[in-house]
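Overview (structure and organization)
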Amino acid sequence: MVQSYLRHGPTQAFGLVCSSSSNSVFDGKLAYVPALEDVLVWDLKKGQMLAMWHDTGHRAEVTCILRSPQKDHFAVGYADGSIRLWSASVGSVITTFNGHKKAVSALAFDQEGTRLASGSQDTDLIVWDIVAEAGLYRLRGHRDQITAIKFIPATNDVPSTSTAFTSVMLLTTSKDTFMKLWNMSTQHCMQTIVAHRSDIWAMDVNIERNIIFTGSGEGEVKAWSINTESISKGLTESDSGEINKIILPIATLPLSSRHRVSQISFHPTQPFLAVQSHDRSVELFRIRTEEEVQKKQLRRKKRAKEKKDKQQSNSEKVDHEKLEDDEITLVSLFTPHVIVRASKKIRSFDFGVSLKDGLQVMTALSSNCLEVYAVPLPSKSKDPLEASRLYSVELPGHRSDIRTLCLSSDDQLLSSASNDSLKIWNMKTTACIRTMDCNQAICSTFLPGDRHIVIGTKAGELLLYDLASSSLIETVKAHTATVWSLHVRADGQALVTGSADKDVKFWEFENKIATEDSTQSGKLVTLVHLRTLKMTDDVLSVRYSPDNKFLAVALLDSTVKVFYQDTLKFFLSLYGHKLPVLGMDISSDSKLIVTCSADKNVKIWGLDFGDCHKSIFAHEESVMQVLFEKDSHYFWTVGKDKMLKYWDGDKFEHIQRLEGHHGEVWALALSHFGKFVVTGSHDKSIRVWEKLDDPLFLEEEREKELEALYENGTVEALNRADLAIGSGVGDGFPESSISAEATGVSKQTGETLMAGERIMDALDLADGERRIFREYEETMSRMTEDDAVKLQPPPRNPVLAAYDLEPEAYVLKVVEKVHSTALHDALLALPFSKVISLMEYLNIWAQKNWNIILVSRIIFFLLKAHHHQIVANRIMRTSLIPLRKHLRTALQRQKEVIGYNLAALQYLRRRDQTERVAHFFEEEASAEQIRLQISEGKKRKRVNLVS
């Protein structure tokens, strides 16, 4: 009988406030921030997480977040090139767009929120139709990652009857130093500007849409003006024969620092500009009006005149100053206001709602926390203005990598420690219930009773914490170098520590009565040093056997020494690893010891004779930790390759691979009851993997892995741009179109290939059914009436009989189930023979007036994609001519219905307007009537009150 195991699956991820992979969005109350593959919604005032937007099965990191003008919608770009449109109220995905080959780096909505432009590391710019849920076109021209996109709307002052050029423009910047202006109606680049000498990292356009600011990697901010007249007229020639440019340079804005400009943002309503050009600060500029600047210049002239009267000799200099001040410069319009200084490196910032006494600026920090600052408005007092921190969210996560994890004996509490803090988590609610300062933690363990925790540090100290009072009760200078490992003996009476100072030290727990100075009352637990075992090399790991018989010590010389724990006599030496052993564990029955090493291997040894049972190549990088599951020979390993793996120590089989972390996995902790596994990583997240009731068979797992590999290979081959459509190898664009500026949006994924296969299966099934019934009808027509009555009709296909559908209705049902965004790519997966077959069904659907919108969309796409084959194929005439006739009839019917409805809506609007106007005029009275009403109001009636 084939052995089955129980599957483990990811259930919870916590410890993250915000990750540094993407920008964050703030609306004054709620912050929408990236958390690796999820988006978290925080109420910053309360410090509560309100929602987590998680798409099951999707693992790519969030790289870009943008709020739509339709406030409930958010566009989120991911590292795999996909874009998901989320509904904030429901917390679910509305639609998914796939078109980019690399991470999405920039997003922009138009004014109505109906179109979305996305830029990526693959240098492509794609415009998406949100309503139709389809890609409109792909624009190529940049040579490096696109860093910012903005829509430049057409000027509104052009009359509706004018035939002038009024197209919406797209403005993009890239790391290739170029800024490009794209015309969306002709889909080509109208102007390319070499904006900076180095990469352009940031760009924004002011509210009036007439000034552009760009920021470079060298810390330079440049301003550019947009010629609105040129946009409305199009590209025109000047008198000298030169083409009038739309974007013109103005000046350079001086900054307080010369670091890389990573973000530039205009306040959506107030006259403020914010520039982030330093790791820890955001510089705010106030935008003055021209009147303010002129008043200031007049004051300056007045002062200069007074100075002139005093010093006649400097008259020439004053005149020169006067001439300079007559012009309003960019520097005089944008004046430095406040510098917001954060506590750590800023990843991104966003403006919140304006308060009565100032602005709100939210900063998302690279150290896994959020801060909101209040920026005061300009005042007449001469005191320097300073931004003050309103609130921050930092407790629910560590500032640096999680280096060690340990669980309490009842699995209720989890302790995690990093370079700066020790945190205690409730495993049921995943809430952080304690935070204590801790310096450079390396290893940790709960002491018996679960009331105390011991931490081993890089400085060689042992820190003893009391959970009830959240305090450090003792610091023991145990070693002179890093404490790499510590372990409590199975009987709970002693503790062993191993350090880089080549010592293994043994400690026992002692209760002493609390003094007046201590934070605790009653008895205190302390560590008492018993004895020391000197080793020949640095000690990297120490482990007691569960039967209290042996002590295993892993050394820097790649060997493991086993001693009798009572006498400390040498018992065994385990050698075979090529690099140092980083972790080890002994099984519950004390028969097996498993070691993991920096050489990427895991070795299983017998503890009776020290023989190596098996050496397994376990991870792609160093294996950091290994632990046995309780009462079994199954064990878990984690490594720098971001993987968690499950193994059978008796059969030496790899049971399951669990992916989820986005950084090296440093820490591992196992439930004492075998119910779950907890991992901590360089990405600052803590993940819980629970044992499910779902059985797992090794052969099935291997088959699934091979299928996934095959599918990934197929998708990669299909997405190669150098293969032409119909080449037989893959679908893409012809070679001539690779260099074209505008192309179609296409990207094959596993989903689109599956959808294409489902359509092909449906076509095969329907064609077979129709052929059988056609043959039956032909046979019937050749027979006499008596014989025809006796002939039994063929049985219906079981699938069609189950759905109770005709073949053409079944094909339509399958096609309708394909997601709108994946439909075009699914149709590209069909071979040409199936396209001809699908044309016949399109004709039937048009004739029966079924889903005309979908029929039109499919037929137009197929005609565009397979134009050459269709034109060259005479057989297509027989299906295309009736299709044209039926489709025109159906579309005419649709047009009449829409026209009728539109006329009715316009009539209702006119009637509503006339009713309102009539109602307003009825109430209007003459001047005499108004005077009469006023005089009547002045005469007060006397009323007798009867008590």
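Rules of the game
Residues numbered from 1 in each chain as written. Predicted model: local features only at pLDDT ≥ 70, side-chain atom pairs only at ≥ 80, totals over all residues. Heavy atoms only, no water. Helix = DSSP H or I, 4+ residues; strand = E, 2+ residues; numbered from the N terminus. Buried < 20%, exposed > 50% of the residue type's maximum accessible area, 1.4 Å probe, protein only. Areas by Shrake-Rupley, 256 points an atom, 1.4 Å probe, with all protein chains shown as cover. Lys, Arg positive; Asp, Glu negative; His and termini not counted. Charge placed at Lys NZ, Arg CZ, Asp CG, Glu CD. Core = buried A, V, L, I, M, F, W, Y, C linked by side-chain atoms within 4.5 Å. Contact = heavy atoms within 4.5 Å. Pairing = 2+ DSSP bridges. Expected span 1.5 Å × (residues − 1). Axes fitted to C-alpha atoms, helices over the stretch in contact; angles between N-to-C directions. Salt bridge = Lys/Arg side-chain N within 4 Å of Asp/Glu carboxyl O. Patch = residues over 30% accessible without salt bridge, like charges linked within 9 Å, V, L, I, M, F, W, Y side chains within 5 Å. Polar contact = N/O pair within 3.5 Å; in protein donor to acceptor, adjacent residues only side chain to side chain. Phe/Tyr/Trp six-rings, centres within 6.5 Å; stacked < 30°, edge-to-face > 60°. Lys NZ or Arg CZ within 6 Å of the ring centre and 35° of its normal.

1. Section: the overall build of the chain
A count of helical and extended segments in the chain gives 16 helices and 57 strands. Each of the 947 residues in the chain was classed as buried or not, and the buried ones make up 48%. Carbon together with sulfur atoms contributes 51% to the accessible area of the chain, which is approximately 48400 Å² in total. Between the mean site of the 116 positive side-chain charges and the mean site of the 124 negative ones, the chain shows a separation of 6 Å.

2. Examining the nonpolar core
If you look at the biggest cluster of nonpolar residues, it comprises 38 residues, and the most contacted ones within it are L838, M839, L842, W845 and I858. Looking at this core, the elements that each hand over two or more residues are α7 (750-782), α10 (807-817), α11 (823-828), α12 (832-848), α13 (852-865) and α15 (876-923). Of all the elements, α12 adds the most residues to this core, at eight residues. In this structure L842 touches V855, I858, I859, L862 and L883, once residues within four positions along its chain are discounted.

3. Thoughts on the pairing of strand β54 (residues 665-670)
On any regular strand, side chains alternate: one points to one face of the sheet, the next to the other face. Summarising burial for β54: six of the six residues are buried, a large majority. Pairing between β54 and strand β55 (residues 676-681): five bridges, direction antiparallel. Pairing of V665 across the sheet is with S681, part of β55. Taking the residues between adjacent antiparallel strands as the criterion, β54 and β55 are bridged by five residues, where G674 takes a positive phi near 75°.

4. Overview of α13
An α-helical segment advances 3.6 residues per turn. Residues three or four places apart therefore align on the same side. The end-to-end C-alpha distance of α13, which contains 14 residues, comes to 20 Å, matching closely the 20 Å that a straight helix rising 1.5 Å per residue would cover. Inspection of α13 places I852, L854, V855, S856, I858, I859, F861 and L862 among the buried residues, and these make up the whole buried set.

5. Some thoughts on the sheet that holds strand β52 (residues 643-648)
Taken together, four strands build an open sheet; the order of strands is β50-β51-β52-β53 and the sheet is antiparallel. Looking along the sheet, the strands with just one partner apiece sit at the ends: β50 (623-628) and β53 (653-659). Sheet twist, expressed as the mean angle between neighbouring strand axes with direction ignored, is 20°. In this sheet, strand β51 (residues 634-639) lies alongside β50 in antiparallel orientation, the contact comprising five bridges. Note that in β51 the partner of L627 across the bridge is W636.

6. Let's talk about helix α5 (residues 698-718)
With 21 residues, α5 ought to run about 30 Å at 1.5 Å a step, and its terminal C-alpha atoms sit 30 Å apart, in line with that. Looking at α5, one finds that the buried residues are L698, E701, V715 and L718.

7. Section: the pattern of salt bridges
Taken as a whole and judged by the stated rule, the model has 22 salt bridges. Put simply, D124 and R138 hold a salt bridge, and the shortest N to O gap is 3.0 Å. You can see D124 sitting in the loop between β11 (115-120) and β12 (125-129) and its partner R138 sitting in strand β13 (residues 134-139), a full 14 residues away along the chain. Taken individually, D124 and R138 each receive the classification buried, so the pair is uniform in this respect. For K534, the salt bridge is made with D503, and the minimal N-O distance between the two is 3.4 Å. With K534 in strand β41 (residues 523-534) and D503 in strand β40 (residues 503-513), the pair connects residues that are 31 residues apart, well separated along the chain. A relative accessible area of 63% places K534 in the exposed class. A residue is classified by how much of its surface remains accessible, and D503, at 8% relative accessible area, is buried. Residues joined by salt bridges that share partners form a network here, namely R7, D694 and E701.

8. Focus on a nonpolar patch on the surface
Among the surface-exposed residues, L902, L905, Y907 and L908 lie close enough to one another that they form a single nonpolar patch of about 410 Å² accessible area. Relative to the helices and strands, L905 is located in helix α15. L905 gets classed as exposed once you look at its relative accessible area, which sits at 55%.

9. Quick notes on a negative patch on the surface
Where like charges cluster on the molecular surface, the negative patch consists of E699, E700, E703, E707, E711, E757 and D761. When contributions to the negative patch are tallied by element, the ones reaching two or more residues are α5 and α7. Tallying contributions element by element places α5 first for the negative patch, with five residues. For D761, the position within the fold is in helix α7.

10. Notes on the side chain of D110
Relative to the helices and strands, D110 is located in the loop between β10 (104-109) and β11. Of note is the side chain of D110, whose polar atom sits 2.8 Å from the backbone nitrogen of G113. A polar side-chain atom of D110 sits 3.0 Å from the main-chain amide nitrogen of T114. Not counting residues within four places of it along the chain, the set of residues in contact with D110 comprises P69, R115 and F151.

11. Digging into the environment of K423
Position of K423 among the secondary structure elements: in strand β32 (residues 421-426). With 15 residues separating them along the chain, K423 and C438 place their C-alpha atoms 9.4 Å apart. Side-chain polar atoms of K423 contact the side chain of T435, separated by 3.1 Å.

12. Describing unusual backbone geometry
Phi at R209 is positive, roughly 60°, even though this residue is not glycine. Tracing the backbone shows R209 in the loop between β18 (200-205) and β19 (211-216). Owing to a relative accessible area of 28%, R209 belongs among the partly exposed residues under this scheme. Positive phi, normally seen in glycine, also occurs at S470, with a value near 50°. Mapped onto the fold, S470 is located in the loop between β36 (461-466) and β37 (471-477).

13. So, the packing of aromatic side chains
Within the structure shown, the criterion is met by 19 aromatic pairs. Consider the rings of Y634 and Y646, whose centres lie 5.9 Å apart with planes at 85°: the pair is edge-to-face. Pair noted here: Y634 is in strand β51 and Y646 is in strand β52, with a separation of 12 residues, a long-range link. Taking the relative accessible area as the measure of exposure, Y634 reaches 21% and is therefore partly exposed. Here the aromatic residues Y5, Y634, W636 and Y646 are joined through ring pairs into a cluster of three or more. Over the ring of Y78 we find R84; its NZ or CZ atom is 5.2 Å from the centre of that ring. Across from the ring centre of W666, 4.3 Å away, lies the NZ or CZ of R403, which sits over that ring.

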